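An overview of the molecular structure
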Amino acid sequence: PACVAGAVAEEKERKTLDYLLTSDLQPLEIVLGKLASRLAYLALLVLTGLPVLGLLQFLGGVDPQLVLAGFAATALTMFSLAGLGILNSVLAAKPRTAILLTYAEAILYLAASMALHLLAWGKVPLLDWLHAGNIILALRSLRSAAATGAGPTAVLPTLLRDYALFHGAVTVLCLLTATAVLRAWSRWQASRRSRRSFRITFMPRRRPRVGRQPMVWKELYTEPMFRFGRITMAVVGALLYGLVLLGAFGFLCLFMLGSARGDLAETMNAGVRCIGTPLACLMLLGVALHAASSISAERERQTFDSLLSSPLSNEAILRAKWIGSIASVRRLGWYLGAIGVVGVFTGGLFPLAVPLLLIAWLIYASFLASLGLTFSLFCCSTTRATVWTLVTIVGLTGGHWLCGMWLNLRFASAPTRGNTDHATWIIELQKYALTPPLTLYLLAFDSNEAEGGLHDVDDFWPTYHKWSSGRSAYWRKGLLSCGRLLAASFGLGCYAVAAWVLWAVARQNFTQVTGRMPLPFHLLRPERAHFLRLPDPDQTAKQRGGAR
């Protein structure tokens, strides 16, 4: 979907689709041409794995029929997702909307087909055909056939036939629909009047006065968090408000359960961690997405030239974009603050944990805002900036686990005392220094965990003195007891340094990317120009006999 779903929507965004529609090309040629160019690139990536699996046959590994069936299923899935993506690209106005819709529809189909399979298993033939395209259920059937002793090749032809029929029908249906509605839908979208971004609010409020920082005011009160259509925004808003109400209901249930069992603090701590941590991560994701579209969206709306022609400095523009990205999720911050207040008053959250969580979240938000701002500055479209930002976040959050697995296997090959301690440190470093969700989960501790941590710290300093006299085993034991907090502190420091480096890179390259030179001092500070005794430009032009 990330490669195909933006094919036609990118033409709409660049306003070049009208030229294609006025040419001699038919809608089917436009749709199939866009689809074939994107699928050729994806097919090349898929075929790179075929020689590797082919060579495994000489090592006694994989059945050739399973290899061919796996590649056939991959190709069928690729075609159906590409057809769905090209249909969403025709209907959506922006590439990001088409990509998100394609992913959401694919996930919804997997969930709905699994639910139908569990509810009506083998009772209705039509429902069996509807969930025939679910790759998870197909792999489950192969595993069941292998477990019974019949072998997966016995049921493979039937599964592959049903899988091909379903995904082939979806591909043809999506392509025919996209071809039929391309001209009419594009004409309808072009004839609509331009509308402001849709917002969902309980009560309309008047905007405050602009003040002395107009750029910050613009980012806080005129820029929405996401730019979707009315229908998509209504669905997203309903989902967010539904999750908030569900979280409040869950907190009420946990409060009643903890009061009845007599362990209110432990129960509320579990609620704070299980509800507050996903909400904090969702807010961080919103900061990254808003920052990734902060500058590129101005280019696409053709309003970035107006900002560059204003008397605002380059740093003022970047600072306002950075502040606006962090403050874009301030409404969800009220719900997160309410969770913290309830946790403190019920004993489920230690009071010292609140500032620690706030500092950690601000550090992560600063890093993501700087990261998204950097990609938005260097990328030519919002889609590319968003994709690169998300890929970087996934790589930083989960990519280090691959290196950690390799190091753990290496240390496990020689199970000595020192290697065991090294492996423990690697696991602690991965969990609480390089994985922000686990760090936020760790810092949401209650009073019991705080007392235990303080005892560990008290035990740590005497072991330091004992280690200084040559007893390193005590040092290692005390250090491992405080390893989580030390790993979290180290990770926060690294993210803070990375945020500052990315901000410096964006600020330094803003002039080269935009071609805008820094303004003179007397234009940035006109109230201080008379102290420098700078000549008046108009008077100088009149004296020289011409206008400058």
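These numbers come from a predicted model, not from an experiment.

Calculation rules
- Residues numbered from 1 in each chain as written.
- Predicted model: local features only at pLDDT ≥ 70, side-chain atom pairs only at ≥ 80, totals over all residues.
- Heavy atoms only, no water.
- pLDDT = per-residue confidence, 0-100.
- Helix = DSSP H or I, 4+ residues; strand = E, 2+ residues; numbered from the N terminus.
- Contact = heavy atoms within 4.5 Å.
- Buried < 20%, exposed > 50% of the residue type's maximum accessible area, 1.4 Å probe, protein only.
- Expected span 1.5 Å × (residues − 1).
- Bend = angle between axes of the 7 residues up to and from the residue.
- Salt bridge = Lys/Arg side-chain N within 4 Å of Asp/Glu carboxyl O.

A closer look at the confidence of the model for the protein
Any segment with low pLDDT has predicted coordinates that should not be analysed in fine detail. Confidence in the prediction of the protein, expressed as mean pLDDT, is 77, and 74% of residues score 70 or more. Per-element confidence in the protein ranges from a low mean pLDDT of 42 for helix 23 (residues 472-481) to a high of 91 for helix 17 (residues 353-378). In this model residues 194-204 is a low-confidence stretch, pLDDT under 50, and it forms 16 contacts with partners more than four residues away in sequence or in other chains. Counting contacts from residues 521-535, a segment whose pLDDT is below 50, to residues more than four positions away or on other chains yields nine contacts.

Focus on unusual backbone geometry
The backbone of Lys 15 shows a phi angle near 60°, a positive value even though the residue is not glycine. Locating Lys 15 in the fold gives a position in the loop between helix 1 (7-13) and helix 2 (17-21). By relative accessible area, which is 56% here, Lys 15 ends up exposed. Within the chain, Gln 302 stands out as a residue other than glycine whose phi angle is a positive 60°. Inspection of the secondary structure assignment puts Gln 302 in the loop between helix 13 (296-300) and helix 14 (304-308). Judged by its relative accessible area of 59%, Gln 302 falls in the exposed class.

Brief notes about the environment of Ala 7
Note that Ala 7 resides in helix 1. Residue Ala 7 is classed as buried on the basis of its relative accessible area of 1%. Sequence separation between Ala 7 and Val 90 is 83 residues, and the spatial gap between their C-alpha atoms is 8.6 Å. Excluding anything up to four places from it in sequence, Ala 7 contacts Lys 34, Arg 38, Ile 86 and Ser 89.

Let's talk about helix 12 (residues 264-292)
Its 29 residues place the ends of helix 12 41 Å apart at the C-alpha level, agreeing with the 42 Å of an ideal helix rising 1.5 Å per residue. In helix 12, a bend of some 25° at Gly 276 exceeds every other bend along the element, and Pro 278, a proline, comes one to four places later.

Let's talk about the side chain of Thr 382
By the element assignment, Thr 382 lies in helix 18 (residues 382-398). Owing to a relative accessible area of 4%, Thr 382 belongs among the buried residues under this scheme. Apart from the residues lying within four places of it in its own chain, the contact partners of Thr 382 are Arg 96, Ser 293, Ser 296, Ala 297 and Glu 300.

Let's talk about the pattern of salt bridges
With the rule as written, the count across this model stands at 12 salt bridges. Between Lys 218 and Glu 219 there is a salt bridge; the shortest N-O distance is 3.5 Å. Residue classification places Glu 219 among the buried residues on the basis of a relative accessible area of 3%. Across the salt bridge formed by Arg 507 and Glu 315, the nearest N and O atoms sit 3.6 Å from each other. On the criterion of sequence distance, the pair formed by Arg 507 in helix 24 (residues 483-514) and Glu 315 in helix 15 (residues 314-327) is long-range, its members being 192 residues apart. One network of salt bridges, with partners in common, ties together Glu 10, Glu 11, Arg 14, Lys 34 and Arg 38.

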